[in-house]
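# Descriptive structure summary
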Amino acid sequence: MIQKTFTKTRIATSLSLILGATALPAVSAEEVSEKADVEVIEVTGMRSSIKESTRLKRDATGVVDAISAEDIGKFPDTNLAESLQRITGVSIDRSNGEGSRVTVRGFGPQYNMVTLNGRLMASSTLPDGGGASDNRAFDFQNLASDAVKSVEIYKTANAAAASGGIGATININTAKPLDNPGFIASIGGKAMMDTSVRDGVGDYSDQVTPELSGLLSWTDEDEMFGASITASFSQRDSSSTSANIDQWRNGVYDGTVPDMVPATSPGAPTQLNNAPGIGEDFALPSSISYRLWDRQRERTNAQLTLQYRPIETITATFDYTYSKLEQEQQGTELSIWMSDYKSDITFTDGLNPSPLHYAEDKREQAPRDIATKQKYRNSITEDDAIGLNLVWEVNDDLTLAFDYNDSSSESSPLSSYGNDVTFGIGSNILAQQGGYFGTSGLPDIMVGFDDCDARIGLNCNNAFDVSDVGTSIYQKSHAYNTNDITQIRIDGTWAFEDGTIDFGIESREMDNHSTQSSTNQSMGDWGVNNPGEIPASMLDAIDFNDSLDDYKVAGWTQAFRGDTIALADWAAPVYGLDLARDTALATDRRIQEDVTAAYVKASYSGHISDLPYNVSVGLRYEDTKSTSTANIAQPTAVRWVSNNDFTVDQGAFVDAEMRSESNSYSHFLPNIDFDIDLTESVKARASFSQTIARPTYGQLSNAVSITGGPGAPTVLNELNGSASSGRASLVPLESTNIDISMEWYFADTSYVSAGYFRKDVDKFIGNAPVVSDYYGLRDPSAGPRALQAINDLNAAGINVNETTLFSQVAATQLGETIYANGHTDNDYEKLVDVYANSDDPLMNFLSQSPTNNKSAVIDGMEFAVQHFFGDSGFGFQANYTLVNGDIEFDLTATDTQFALLGLSDTANLVLLYEMEDFSARIAYNWRDEFLNNAAVYSNEPEFTEEYSQIDFSVGYQVTEQFSMSFAGINITGEDPRKHGRTANQLTYAEEWDARYELGLRYTF
């Protein structure tokens, strides 16, 4: 038999880099001009992997970084995001201690384009806590790394690539059989030990969980046919404990704070220690909560690739990619909600004073409730993509290619109960409440325990037990999100003596659909009216300090824990709960985009005074037509259900009105890349480009959704309800980019580089606060009844606050004098919901409406060094990125602000060793503090504090076929923490723990 050996010509090589491994050429024009000589690198170890990544960086057009697999099925990290964070200028967001989304040069996940083999990837998600997804960002948790050959980050633009990545385009390359001729098979397994796991609710308590993967690749002897299949399955159980404060409410100090102890109350008046200056802004917390979470994640990935090369000049590739991510978590929340009778506050010094110590003393009021809610969250996300690629080398000068991609993603609840369920439990034992705060760690919840007040009717045994606990509100959310992308491309490359011209056209359609419904159903109501009703066997007493190692707290930590779904099943017949999905949708939104594109790019190689140079000039044209459609049932009422709680009633879905708006825009996007070899080892680069990034799906929604009522009766506080609204007429952000860099390659695995980048961005999307009434909803807490209640309370000598005001309105509605017939505040909350009537004013809602009204400049420097010390086996990689922006959040201003998010310096240091069959790596990653939200509540910011992490891995090749590995992630158990205007104003903190992996792999 005569064996055929196919050698790609320079044209086939160029085009395969456009439509095979990646959508962006990764070779220089000089390399393309080498007629039939294409370097083939057999990646067999860590150092060879780094050599290949270095080659990709050096030979690329523009600024490119890459990570390559050590061998097929041996990517450096089990999570792609964890690998990407090692690259200069890249930082990651973590979810449950695992990399999920990436930020590049200060641009967050929604501003980076992620492609698989050069194709757009459909992505969907369900946000924690309910709600509808609005993010274009790809979640790297969905994709295992076993089938990945390399990941490339293109920091400069290229006309051949789809637009959308201002920060970067990240391309994931998978292995293909004809690139690896012959028969290759391997099977691997890992045992993951997550040290955070504890015994919790549900079957999520396996500290050691499995990960299995396999790969089979085959080509015939003639290398005409090829087939490969990869598959993997992994399970991870984990636990965490967190704390958060929902809101920091700003005010202006005038000698008082809201809801002080009334003068008529017995005992000392409110004590304000180290009080702010008159006219100074200060902040008070709305709540303190602790949360326990036990989680389980199962991930399944598979990819089938078929290739056919009947003759040397034609190659056909078909691939199918599938991924499934299933997530469940059971949680318990222990929380207090601040209200009135503020009795003792000690403020911090400096900017925006907030409490170091905060106390409320209920005095003559009946004890209020502490919450021990039970939570259940779940989701399943399934992605699948079908691709067909045909490359035809017409002649030595012309190659054409056709590429088809059909990609879809769907996220839905795993459970018929919904994707986010809260079973409200509480107990009226708070005679006093408050907290101690600090600049690190968690706040302490302070409680004055009282189970002897006759008005509450508890057992007065001075112990917190199941008989003190009752139900409150059952909350459920059902959300769905689908995303579909169809993409067709025709590309060509025409080669001439010293360069190439690439050209192509593209058509793609995107459809993103989100629905969401949520309801509150009353059990024992907000007043927790039926203590002792829950069977004792369904609840276990817990102490939150038992689950805290780094953040021990000194205050109240007692709570009860149960299975949320079991509790819902018990309560359904007792309270007539409807556990099924509510058909009245709060969100039914579809965003459709049709993009038509064409591009041309000319690349040329030459010499300037004997110095080789490459220049590439490209222009991409894109025309986009978008449609935003909403079909939302209008809310019918806002109910006042307790002192500071309001419920929005959704209308019937059959009464929903469909609204549709269209938009269109087009862009010419040029790019120029130039590099020159100043010496054989020193390369200089300069790039100019214009890029765009499209708005998020939520920003494009054309409907107003009412998300909640005010946080207190509006007759006593200048508060508004909350709403969300988008703008279908938004256009993309537009960025003009400049990159300049110098690179010194002093060995095949060693280099030093320094670069400067600048991005001038127009049409940034800012939020314009809009206060308005919607849907004719009226305010039951601000009309004649509320005003009359204030007069009645004053006449009776009863202090006016949120609680007494509601009780007076309720008493009047019942036709009695307040507190008559043995009724207490809790009774009124149980007996009465206050609906608005025609005499009440329209209710105002605050929404942040997005608009293209901002411009900003982001620039920075990137430094990197990589070196192996001769034949010693030792090496290192180090990089540092500085990022600056010209619009920062002004901590002294309390107006709604636009500010650049995610800007932070980052650094990485990786120490390497590889000698013969043994390899080891230890990696340090650091990210400085950054602003992650400019309006986490109203106009209040949230900052993520600086974070660092240490990971390591070791590997040993036992035989030519058998290898072992051991890895540790976050081995020092570092914890994330977020805060508001000052470090004292904690918004979120969580304990994370180390996890370890022992792996075995056999290659046939």
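Just so you know, these numbers come straight off a predicted model, no measurement behind them. (Residues numbered from 1 in each chain as written. Predicted model: local features only at pLDDT ≥ 70, side-chain atom pairs only at ≥ 80, totals over all residues. Heavy atoms only, no water.)

## A look at the overall build of the protein chain
Formally: Counting from the N terminus, the helices are DSSP H or I runs at least four residues long and the strands are E runs at least two residues long. The quantity called the radius of gyration is restricted to C-alpha atoms. Its globule counterpart is 2.2 Å times the number of residues to the power 0.38. Each residue's exposure class comes from its accessible area (1.4 Å probe, protein chains only) as a fraction of the maximum for that residue type: buried when under 20%, exposed when over 50%, partly exposed otherwise. We call two residues in contact whenever any of their non-hydrogen atoms come within 4.5 Å of each other.
Regarding its fold elements, the protein chain presents 9 helices and 46 strands. Taking 2.2 N^0.38 as the reference for a compact globule, 1004 residues should give roughly 30 Å; the C-alpha atoms of the protein chain span a radius of gyration of 31 Å, in line with that estimate. Principal-axis analysis of the C-alpha atoms gives the protein chain an extent of 100 × 55 × 55 Å. Buried positions account for 59% of the 1004 residues belonging to the protein chain. Across the protein chain, every contact between residues at least 6 apart in sequence was considered, and the portion connecting residues at least 24 apart equals 76%.

## A look at the side chain of H478
Applied cut-off: Here a polar contact is taken to be a pair of N or O atoms separated by no more than 3.5 Å, where protein atoms must pair a possible hydrogen donor with a possible acceptor and residues adjacent in sequence count only if both atoms sit in side chains.
Along the chain, H478 turns up in strand β22 (residues 470-496). Residue H478 is classed as buried on the basis of its relative accessible area, which comes to 2%. A polar contact of 3.1 Å, which involves the side chain of H478, links it to the backbone oxygen of S416.

## Regarding helix α3 (residues 46-59)
We count it as follows: To estimate the expected span of a helix, count its residues, drop one, and scale the result by 1.5 Å.
Spanning 14 residues, α3 covers 20 Å between terminal C-alpha atoms, matching the ideal 20 Å at 1.5 Å per step. Within α3, burial applies to M46, S49, I50, E52, S53, T54, R55, L56, K57 and D59.

## What to know about the packing of helix α7 (residues 784-795) against helix α8 (residues 802-814)
Applied cut-off: Every axis corresponds to a line fitted to the C-alpha atoms, with the helix fit spanning only the stretch in contact, and the corresponding angles, defined between N-to-C directions, vary from 0 to 180 degrees. When an angle is under 35 degrees it counts as roughly parallel; over 145 it counts as roughly antiparallel; between 65 and 115 it counts as roughly perpendicular; any other value is oblique. When residue character is reported, Ala, Val, Leu, Ile, Met, Phe, Trp, Tyr, Cys and Pro are called nonpolar, Asp, Glu, Lys and Arg charged, and the others, Gly included, polar.
Where α7 contacts α8, the two axes come as close as 9 Å, and the packing angle between them is 105°. One finds that α7 runs roughly perpendicular with respect to α8. Here R785, A786, A789, I790, D792 and L793 of α7 lie close against α8, whose contacting residues are T804, L805, Q808, V809, T812 and Q813. Residue composition of the contact of α7 with α8, by class: 6 nonpolar, 4 polar and 2 charged.

## Quick word on the packing of aromatic side chains
Each aromatic ring pair is characterised by the separation of its centres together with the angle its planes make. Test applied: Think of it this way: a Phe, Tyr or Trp ring, Trp meaning its six-membered ring, pairs with another when their centres are within 6.5 Å, and the plane angle makes it stacked under 30 degrees, edge-to-face over 60, tilted otherwise.
Evaluated as defined, the whole model comprises 32 aromatic pairs. Between Y819 and Y828, the ring centres sit 6.3 Å apart and the planes meet at 45°, which makes this aromatic pair tilted. Residue class for Y819 comes out partly exposed when judged on its relative accessible area of 31%. For Y828, a relative accessible area of 0% gives the class buried. Each member of the aromatic cluster is reached from another via a ring pair, and the members are F107, Y111, F764 and F898.

## Remarks on α7
Going by this rule: Arc definition: it is the arc formed by the directions from the helix axis to the C-beta atoms.
Compared with the 16 Å implied by 1.5 Å per residue over 12 residues, the 16 Å span of α7 between its first and last C-alpha is a close match. Within the span of α7, buried status applies to A786, A789, I790 and L793. Looking straight down α7, one finds its buried side chains confined to an arc of 100°; they lie on one side. Buried residues belonging to α7 abut α8. Trailing α7 by a residue or two, G797 shows a phi angle of about 70°, which is positive.

## Thoughts on the side chain of Q897
As for its placement among the helices and strands, Q897 is situated in the loop between β37 (874-885) and β38 (906-915). Accessibility expressed as a relative area gives 18% for Q897, which makes it buried. A polar contact of 2.8 Å, which involves the side chain of Q897, links it to the backbone nitrogen of D890. Those residues in contact with Q897 that sit more than four places away from it in its chain are E888, F889, D890 and A934.

## Considerations on the sheet that holds strand β7 (residues 169-174)
In plain terms, the rule: The criterion for strand pairing is that DSSP finds at least two bridges linking the strands in question.
Taken in spatial order, the 5 strands line up as β1-β6-β7-β4-β5 in an open sheet, and their pairing is mixed. In this open sheet, the two strands that pair with only one neighbour each are β1 (64-68) and β5 (119-120). The sheet contact formed by β1 and strand β6 (residues 148-154) spans 5 bridges and is antiparallel. Directly across from A66, in β6, lies its bridge partner E152.

## As for the domain arrangement of the protein chain
Quick note on the threshold: Residue ranges assigned to the domains are those given by an automatic or database domain assignment. Put simply, buried area is the surface a 1.4 Å probe can reach on two separate parts but cannot reach once they are joined, added for both. In what follows, salt bridge is the name for a side-chain nitrogen of Lys or Arg lying within 4 Å of a carboxyl oxygen of Asp or Glu.
Examined at the domain level, the protein chain breaks down into domain 1 (46-255 + 269-778 + 846-1003) and domain 2 (784-840). Taken together, the contact between domain 1 and domain 2 spans 29 residues of the former and 24 residues of the latter. Summing both sides of the interface, domain 1 and domain 2 together bury roughly 2,200 Å²; the carbon and sulfur share of this comes to 54%. For the pair domain 1 and domain 2, the interface holds 2 salt bridges. Across the salt bridge formed by R639 and D833, the nearest N and O atoms sit 2.7 Å from each other. There are 8 residue pairs in polar contact (both at pLDDT 80 or more) connecting domain 1 and domain 2. Top element by residues in the side of domain 1 that touches domain 2 is strand β28 (residues 635-642). It accounts for 6 residues. The class makeup of the residues in the side of domain 1 that touches domain 2 is 12 nonpolar, 10 polar and 7 charged.

## Quick word on the pairing of strand β45 (residues 986-990)
Where burial is concerned, most of β45 is hidden: 4 out of the 5 residues are buried. Pairing geometry for strand β10 (residues 225-244) and β45, over 3 bridges, is antiparallel. Considered in β45, the bridge of N244 is made with Y988. With 3 bridges joining them, strand β44 (residues 977-979) and β45 adopt antiparallel strand pairing. Counterpart to H979 in the pairing with β45 is L986. The turn joining β44 and β45, which pair antiparallel and follow one another in sequence, is formed by 6 residues.

## Notes on unusual backbone geometry
One non-glycine residue, N462, lies in positive phi territory at about 60°. Among the secondary structure elements, N462 is positioned in the loop between β21 (444-449) and β22. Overall, the relative accessible area of 61% leaves N462 in the exposed class. Phi is positive for Y819, close to 65°, though the residue is something other than glycine. Residue placement: Y819 occurs in the loop between α8 and α9 (825-831).

## Details of the state of the cysteines
Put simply, the rule is: By disulfide we mean two sulfur atoms from cysteines, separated by a distance within 2.5 Å.
Scanning the entire structure with this criterion turns up 1 disulfide. For C452, the disulfide goes to C460, at an S-S distance of 1.9 Å. Torsion about the S-S bond of the C452 and C460 cystine: about 90°, corresponding to right-handed handedness. In this structure C460 comes out as partly exposed when scored by relative accessible area, which is 40%.

## Here we look at the pattern of salt bridges
Taken as a whole, this structure holds 52 salt bridges when the rule is applied. Close ionic contact of D294 with R561 constitutes a salt bridge, the shortest N to O distance being 2.8 Å. Here D294 is found in strand β14 (residues 287-311), whereas its partner R561 is found in strand β25 (residues 558-561), with 267 residues between them in sequence. With relative accessibility at 0%, the residue D294 sits in the buried group. Put simply, K57, D65, R105, K155, D739 and E862 are held in one network by salt bridges that share partners.

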